[in-house]
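Structural features, examined
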Amino acid sequence: MGKGFINYDVDTTNLLLKTIKDHENLFPFDTSPMEGSSKGITSGAVVEALKDVSSKMKGYFLTEKNLKSIYATADEGSKAYVGYNYPYAIYLYESSKGGWYDTGQVGGDDLFNAGEFYTKIQIDEKIAELSDKADNLEKESVKNDSEKEQSVSTPSSFKICDREGRVLLKVDERGSSSTAYLVYKEGKLVGTINAEFFKKIITQENGNIYQEGDSLKICDREGRVFCIISPDGIRAINFLDKEGNSPFLSEAPSDSRIYGRKNKQWVPIEIVNGETKGFFTGKNLYTLCDSLGTAGVWQNRLCELTGMTFDNTLNTDKFYPISVGGTQTGIFEDGCGLQRSLNLVKLKEDHQIDVVFIENINDYTKASGSMAGDINDVPWMLHDKRFIDEDIYENPASVISFWNDNFNSIVSGIEQKLGTALMFRIGGSSTAYKISILSKATENGSLIIGVGGITFNVEVTKEMSVEDIVDKIVEWQYTSGWTDVKTSSSSVTWNYYTKNEDKKVTFNTSNTGISFRIETNNQSDSDAEYNSEIKSISLIAKCFVGNDLSKWNDSSFWKLSTEISLVSAYKGMLEFLKKELPNALIYWLLAPRYSIKRSGAEYIRPDGSFDILKFNEIEGNTFNKLIDIQKEVCALYNIPTVDVISKSNINLSNIFTFYPENNVHPLNTGYNRWGESISRQI
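Numbering of residues begins from 1 in every chain and follows the order in which that chain's sequence is written. Where local features are concerned, this predicted model is filtered to residues with pLDDT of at least 70; where side-chain atom pairs are given and counted, the filter is 80 or more; whole-chain, interface and lining totals use all residues. In computing side-chain properties, one takes all heavy atoms of the structure into account and sets aside hydrogens as well as water.

With that out of the way, let us pick up the overall build of the chain. Strands here are runs of E lasting at least two residues and helices are runs of H or I lasting at least four, both read from the DSSP assignment and numbered beginning at the N terminus. When helices and strands are counted, the chain shows 15 helices and 34 strands. Throughout this description, buried means an accessible area under 20% of the type-specific maximum (1.4 Å probe, protein chains only), exposed means over 50%, and partly exposed covers the range between. The buried share of the chain, taken over its 682 residues, is 43%. In this description, contact between two residues means that some pair of their heavy atoms is separated by no more than 4.5 Å. The contacts in the chain between residues at least 6 apart in sequence include a share of 62% that link residues at least 24 apart. Carbon together with sulfur atoms contributes 47% to the accessible area of the chain, which is approximately 35400 Å² in total. Residue-level accessible areas treat just the shown protein chains as cover; the underlying method is Shrake-Rupley with a 1.4 Å probe.

Printed below as a string of structure tokens:
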């Protein structure tokens, strides 16, 4: 990107700075100002000042100890770089985390090496050596007028620090940058350039500045944006090189509209109330995801880059979540993709739904064999789900037997609805806990339920019946790996997805007066009553697949949930969303499924490098089938796919920069890379 220059001569600059002299104390810096150049101010100084103010930047430090000795405390969200050279560790200050902590991310100025600075002893030695030269330079600067160029032999860059190692002034071929500048004219102080310059002078005399998160937008008097400065760099309607020429090969159009660069072309930018209106600016983002969408990291990064808004509390709502870890699309527990689609559409009553991203990598277990299906399968979407009875069946075969023997009586007693799923419970041997509620509450209060080490509060009242309490308990979407099932009008069973004696459930009725019994098949838990008869509960359904209700009493139009293919579920979900959200932009996110070991895997060569072909053979075949299915269904419905797998530049060679070992969930660096890749593709 080319460098921009503020073309003010020294007299104009000094007149502007004199105007803001009275305001210099309104936006103080962390370090004392240093004297700057008397030849005018470059855009380098402007950008550095903006970055320091907007990020609460404390500077560069060689060690964490140095940082904490200088700033034992700081403002919430303050930032510092630690290390001897680039890339530097990024530290943030948050009192809730004990003060300064290493975020695990890196950054800083790639042209700046903190380890190159002089120590205090070296500085004292250099001061004597440079003292005479500095005096002579100062005298020459005062004696000669401002238009006479001085030629001084210097290194390629020069940095001045205080005794604690904080950079006060940096000079290189790009210009000078400092924490602040004192500007002199004829030996007299006439003003200070700092953040107040932007808040007062540009706002009052030239236009307006708007702040959005980490970005600052500078506008003219008519509200047209001509510069955006953010951590990603500078965007402007034009840039000038040192000779005043545009660095672009083609000039921007010369009509009255504002233009920006996109895909190497000039495109008009819409301005509303002084803010740039990109296509996605101000739109609301929602994501139908498994656990790769519950943290909200990639969504927030995407919003930073596009101007969209995202609310992760709605995304992971405890009662009507739209992203839930450990879930698949066509499985009918509370968090399945079809149920979450219903939850999303429910939000339109109170929220504007503009952009929707769909993602699920857990479906890869259904991407081969009979459960995969093909593109000709009939769409099926869940609309109503109910349990037939409280029995726990031994296996699917016993469910089918009961269904065949009682079909007419079952369906005749059910309200007829398209997309109905009649649920049955099947017992299993995974870790399970059963809570039986034995009495109503005598006082209003909270039940405190611990599931897998995470606690959940359930509010109850004296007026609630036992079944009301059970229904309130099962409203929650509990932690990943666990499912809860209402097993009777007075009991709930929690199931972990596998047998694991370290996984436990606790139940505290607090001061509510509720009596209960807790039973488990986990022999290692002495706090619960051991009962070998306690079964984990999985669900299976008989689903009405007819397109009209005239087929309701025809048993051939009722299929087991295991007979509804992945393609059928995908098609049904997309048709439902397109119908209910006709104005929403719907995208399908093709997300990677990495779970890479550092050693001991067949795809790792003796020298530690990765055999990509072997990796694809072992890990990729089934997953690639899932991606092919998702692409094919999206193509059928003209749903654009966003390919993070091949377009994020995350690969086996750099995998541990973005992922922890043996884990499908990226580090924040990985999620942020996702957001950046998505923003480029849309």
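Looking now at helix H15 (residues 668-681). Compared with the 20 Å implied by 1.5 Å per residue over 14 residues, the 20 Å span of H15 between its first and last C-alpha is a close match. Among the residues making up H15, those that are buried are Gly670, Tyr671, Asn672, Trp674, Gly675, Ser677, Ile678 and Ser679. Here a helix's expected span is defined as the number of its residues, less one, multiplied by 1.5 Å.

Stacked, tilted and edge-to-face are the three classes assigned to paired rings of Phe, Tyr and Trp, where Trp is represented by its six-membered ring and a pair needs centres within 6.5 Å; plane angles under 30 degrees give stacked, over 60 edge-to-face, the rest tilted. The full count for this structure, using the stated rule, is 22 aromatic pairs. Plain terms: the ring middles of tyrosine 81 and tyrosine 88 are 6.4 Å apart, the flat faces sit at 55° to each other, and that makes the pair tilted. Judged by its relative accessible area of 12%, tyrosine 81 falls in the buried class. Residue class for tyrosine 88 comes out buried when judged on its relative accessible area of 0%. The rings of Tyr393, Phe402, Trp403, Phe407, Phe424, Phe544, Trp552 and Trp558 are connected pair by pair, giving a single aromatic cluster.

With that out of the way, let us pick up the nonpolar core. Residues grouped as a nonpolar core are buried Ala, Val, Leu, Ile, Met, Phe, Trp, Tyr and Cys residues, joined through side-chain atoms within 4.5 Å. Membership of the largest hydrophobic core comes to 79 residues, with the highest contact counts inside it found for Leu344, Phe357, Leu577 and Trp674. Here the element with the most residues in this core is helix H11 (residues 566-580); it accounts for 8 residues. When near neighbours in sequence (up to four residues on either side) are disregarded, tryptophan 674 contacts Leu292, Trp298, Leu589, Ala591, Pro592, Val644, Ile650, Tyr659 and Pro666. Counting residues in hydrophobic clusters, the runner-up holds 26 residues, among them Val451, Ile473, Val505 and Ala528.

Strand order across the open sheet formed by 5 strands is E19-E18-E20-E33-E34, with parallel pairing between neighbours. Since the sheet does not close on itself, it has two edges, and those belong to strand E19 (309-310) and strand E34 (641-643), each with one partner. By the bridge criterion, 2 bridges tie strand E18 (residues 284-288) to E19 in an arrangement that is parallel. Residue pairing for E19: asparagine 284 is matched across the bridge by threonine 309. Here helix H6 (residues 297-306) sits on the sheet in contact with E18, E19, strand E20 (355-358) and strand E33 (585-590), set at roughly 155° to E18. What counts as an axis is a line fitted to C-alpha atoms, over the stretch in contact for a helix, and the angles between N-to-C directions run from 0 to 180 degrees. Packed on one face of the sheet, H11 meets E18, E20 and E33 and runs near 150° to E33. Two strands are counted as paired when DSSP detects at least two bridges linking them.

What follows deals with the pairing of strand E28 (residues 505-508). Side chains Val505 and Phe507 of E28 all project onto a buried face; the interleaved residues Thr506 and Asn508 project onto a face where none is buried. In the sheet, strand E24 (residues 445-451) pairs with E28 via 4 bridges, with the strands oriented antiparallel. Looking at the pairing, isoleucine 449 lines up with phenylalanine 507 of E28.

Here the focus is the environment of threonine 657. Within the secondary structure, threonine 657 sits in helix H14 (residues 655-658). Residues threonine 657 and threonine 669, spaced 12 residues apart in sequence, show a C-alpha to C-alpha distance of 7.3 Å. Discounting residues that sit within four places of it in the chain, threonine 657 has contacts with Leu667 and Thr669.

Turning next to the pairing of strand E29 (residues 516-520). Pairing geometry for strand E23 (residues 432-437) and E29, over 5 bridges, is antiparallel. In the sheet register, tyrosine 433 faces E29, and the bridge partner there is threonine 520. Relative to strand E30 (residues 529-530), E29 runs parallel, the two sharing 2 bridges. Within E30, the residue paired with glutamate 519 across the bridge is glutamate 529.

What sets the pattern is the α-helix's 3.6 residues per turn: residues three or four places apart point alike. Taking 1.5 Å as the rise per residue, helix H9 (residues 396-412) with 17 residues should run 24 Å; its terminal C-alpha atoms sit 22 Å apart, in good agreement. The reported bend at a residue is simply the angle between two axes, fitted to the 7 residues ending at it and to the 7 residues beginning with it. If you look at H9, its biggest bend is around 80°, right at asparagine 406. As for H9, its buried residues are in contact with strand E21 (384-393), strand E22 (420-428), strand E31 (536-544) and strand E32 (558-560). Pairs of N or O atoms are called polar contacts if they sit within 3.5 Å, as long as, within protein, a hydrogen donor faces a hydrogen acceptor (for residues adjacent in sequence, only side-chain-to-side-chain pairs). Between the side-chain oxygen of the N-cap and the backbone nitrogen of alanine 397 there are 3.1 Å, and the N-cap of H9 in question is asparagine 395.

Right, let's talk about the pattern of salt bridges for a bit. Salt bridge, as used here: a side-chain nitrogen of Lys or Arg that lies within 4 Å of a carboxyl oxygen of Asp or Glu. Tallied over the entire structure, the rule returns 11 salt bridges. The residue arginine 598 makes a salt bridge to glutamate 661 at a minimum N-O spacing of 3.9 Å. Taken together, the residues span a long stretch of sequence, with arginine 598 in the loop between E33 and helix H12 (612-636) and glutamate 661 in the loop between H14 and H15 at a distance of 63 residues. Here the salt bridges share partners, and the residues they tie into one network are Arg301, Glu304, Arg673 and Glu676.

Positive phi is not limited to glycine here, since serine 510 has a value of about 55°. Mapped onto the elements, serine 510 comes out in the loop between E28 and E29. Residue serine 510 is classed as partly exposed on the basis of its relative accessible area, which comes to 43%. In this structure, asparagine 649 is a non-glycine residue whose phi angle is positive, near 65°. Note on placement: asparagine 649 falls in the loop between helix H13 (644-647) and H14.

So, on to the sheet that holds E24. Read across the open sheet, the 3 strands follow the order E25-E24-E28; overall the sheet is antiparallel. Strand pairing shows two members of the sheet lacking a second neighbour, strand E25 (454-460) and E28, which therefore form its edges. Across the sheet, the axes of successive neighbouring strands diverge by a mean angle of 20°, strand direction being ignored. Where E24 and E25 come together, 7 bridges link them in antiparallel fashion. Along E25, the bridge assignment pairs valine 451 with isoleucine 454. Sitting on the sheet, helix H10 (residues 466-474) touches E24, E25 and E28, and the angle it makes with E25 is about 145°.

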